[in-house]
Amino acid sequence: MPCTWIASDLQLLLLLTLFLVAECISARMEGSVTSNNTMQQMVKENCSLASIITSSTARKQSTVTPPSEVNTTRSVPVDTKPVLSCPPVLSTAVVLTTWEVVLRDKPPCNRVYRGDTNETKGNCTDERIITWGSRPDKIPALQINPVAITHDGYYKCEMVTLNGNFYHGYHLQVLVPPEVTLVQSKDGTAVCKAAAGKPAAQISWTPERACTTVQEPWGNGTVTVQSTCHWEGHHVQNVSCSVSHLTGNKSLTIQLNQGTRIEHLRILYITSPVFIVLVIVGSIWLLKIHGCRKCKLKKTEPTPVVEEDEMQPYASYTEKNNPLYDTTNRVKTSQVSQS
């Protein structure tokens, strides 16, 4: 209501000013052709009144104040350096500036600046995280350097001035982009995973299909989303997984037969060396067996036997020495020689 009343008052003053200025200009034009002193005096009074109203309007416009309390929601990516601003109040009118920080699962803390003594104090323990954005006597903004998942919470700036107290609160939400992967398992099944995102990501498939999606929350506020689709028997070669998130969207594509080809190549790479080794070992074994057979044939080959003349069956017998036969022959020979 105060803001509405001030706006209507300014509009009325502006209309009155415009009317008086127009009357002043027209009167001056008439005064240039007439010599009536009374008319000139009235013109001067109206012009002075118009200047007073104009200056009053300008002063009211300069003293217009912002709303006493404002709350906004702000989302920032992780590992950035966000700056939170206080209400737009003239620094010369500020007596005390207080930042109140309420983080998740932590007790509240504050940072205070006093304009009369130019002094800062507070009980926020992590000075690296919560610092003044610049000189607090000029711009009492708050900077988080850098922002992490644990900085989710409520941040409020309170400014005490001569014209009253003003507040500006921020519901800060830290965003974490998920890690997206798309793999193929056996039997034509594709698995798309958006791991450790904050908030949880949304997963869709192309071509569209009714898939199974599960969410796994973690203790730090992040969520892992996994979607599984079965494409066996649907004659689909390429499938795409699209992940939608506040930090940005991402899409991955995979060939369903790629995994089968890779599996076949893997089996071929594994079995080929084994097959080559078996061939070499078998060849060596066959050569060894063939060589052993030749050695055995050479050892068992019979010695050649000289055949005797079939016409002299008793030649060996007559060649043997018989003492009795030799004595008889000697006697017969001697008798013949004597006769």
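The sections below set out a description of the structure shown in this document.

## Structural notes on unusual backbone geometry
And step 1. Residue Pro 146 is bonded to the preceding Asn 145 through a cis peptide linkage, with omega at -10°.
And step 2. By the element assignment, Pro 146 lies in the loop between strand S7 (142-144) and strand S8 (153-161).
And step 3. With an omega of -5°, the peptide bond between Lys 198 and Pro 199 qualifies as cis.
And step 4. Secondary-structure assignment places Pro 199 in the loop between strand S11 (189-197) and strand S12 (202-206).
And step 5. We note that Asp 105 has phi near 60°; this positive angle belongs to a residue other than glycine.
And step 6. Following the sequence through the fold, Asp 105 ends up in the loop between strand S3 (94-103) and strand S4 (109-114).
And step 7. Asp 105 gets classed as exposed once you look at its relative accessible area, which sits at 75%.
And step 8. With a phi angle near 55°, Asn 118 is a residue other than glycine that sits in the positive phi range.
And step 9. When you line up the elements, Asn 118 lands in the loop between S4 and strand S5 (119-122).
And step 10. Looking at Asn 118, the relative accessible area reads 53%, which means it is exposed.

## Looking at the environment of Arg 209
And step 1. By the secondary structure assignment, Arg 209 is in the loop between S12 and strand S13 (212-217).
And step 2. In this structure Arg 209 touches His 230, Trp 231 and His 234, once residues within four positions along its chain are discounted.
And step 3. Here His 230 takes part through its backbone oxygen, which lies 2.6 Å from a polar atom of the side chain of Arg 209.

## Side note on the pattern of salt bridges
And step 1. Evaluated as defined, the whole model comprises four salt bridges.
And step 2. Overlapping salt bridges bring together Arg 104, Asp 152 and Lys 198 as one network.

## Here's the deal with the sheet that holds S13
And step 1. Sheet architecture is open: four strands sit in the order S10-S11-S14-S13, paired in antiparallel fashion. A strand with exactly one partner marks an edge of an open sheet, and here the two such strands are strand S10 (179-185) and S13. Within this sheet the neighbouring strands show an average axis-to-axis angle of 15°, counted without direction.
And step 2. Of the pairings in the sheet, the one linking S13 to strand S14 (residues 223-230) comprises six bridges and is antiparallel in character. Bridging from a neighbouring strand, Gln 215 pairs with Val 225 of S14.

## Observations concerning the sheet that holds strand S2 (residues 83-84)
Sheet strands associate in pairs through backbone hydrogen bonding, adopting either a parallel or an antiparallel arrangement.
And step 1. Within the open sheet, the three strands sit side by side as S2-S7-S6. Their pairing is antiparallel. A strand with exactly one partner marks an edge of an open sheet, and here the two such strands are S2 and strand S6 (130-132).
And step 2. Looking at chain direction, S6 and S7 are connected through three bridges and run antiparallel. Bridging across to S7, Ile 130 finds its partner in Ile 144.

## Remarks on a nonpolar patch on the surface
And step 1. Where nonpolar side chains cluster on the molecular surface, the patch consists of Phe 275, Ile 276, Val 279, Ile 280 and Ile 284 and spans about 500 Å² of accessible area.
And step 2. Structurally, Ile 280 can be placed in helix H3 (residues 258-299).
And step 3. Relative accessible area serves as the criterion here: at 47%, Ile 280 is assigned to the partly exposed category.

## Concerning the state of the cysteines
And step 1. Here the structure, examined in full by the defined rule, presents four disulfides.
And step 2. Disulfide pairing is shown between Cys 109 and Cys 124; the S-S distance is 2.1 Å. Between Cys 109 and Cys 124 the sulfur-sulfur dihedral comes to about 90°; the bridge is accordingly right-handed. Placement of Cys 109 in strand S4 and of Cys 124 in the loop between S5 and S6 is noted, with a sequence separation of 15 residues between them. Across the pair, exposure class does not vary: Cys 109 and Cys 124 are buried alike.

## Let's talk about the nonpolar core
In a soluble, globular protein the nonpolar side chains are often hidden away together inside.
And step 1. Membership of the largest hydrophobic core comes to 21 residues, with the highest contact counts inside it found for Trp 99, Val 101, Ile 130, Leu 142 and Tyr 155.
And step 2. In terms of residues, this core owes the most to one element, S3, which gives four residues.
And step 3. Each residue touching Val 101, except ones within four places of it in the same chain, is listed here: Pro 108, Cys 109, Ile 130, Leu 142, Tyr 154 and Tyr 155.
And step 4. Counting residues in each nonpolar core, the second largest holds 17 residues, with Leu 182, Cys 192, Ala 201 and Val 225 among its members.

Criteria and thresholds
- Residues numbered from 1 in each chain as written.
- Predicted model: local features only at pLDDT ≥ 70, side-chain atom pairs only at ≥ 80, totals over all residues.
- Heavy atoms only, no water.
- Helix = DSSP H or I, 4+ residues; strand = E, 2+ residues; numbered from the N terminus.
- Buried < 20%, exposed > 50% of the residue type's maximum accessible area, 1.4 Å probe, protein only.
- Contact = heavy atoms within 4.5 Å.
- Polar contact = N/O pair within 3.5 Å; in protein donor to acceptor, adjacent residues only side chain to side chain.
- Salt bridge = Lys/Arg side-chain N within 4 Å of Asp/Glu carboxyl O.
- Pairing = 2+ DSSP bridges.
- Axes fitted to C-alpha atoms, helices over the stretch in contact; angles between N-to-C directions.
- Patch = residues over 30% accessible without salt bridge, like charges linked within 9 Å, V, L, I, M, F, W, Y side chains within 5 Å.
- Areas by Shrake-Rupley, 256 points an atom, 1.4 Å probe, with all protein chains shown as cover.
- Disulfide = S-S within 2.5 Å.
- Core = buried A, V, L, I, M, F, W, Y, C linked by side-chain atoms within 4.5 Å.

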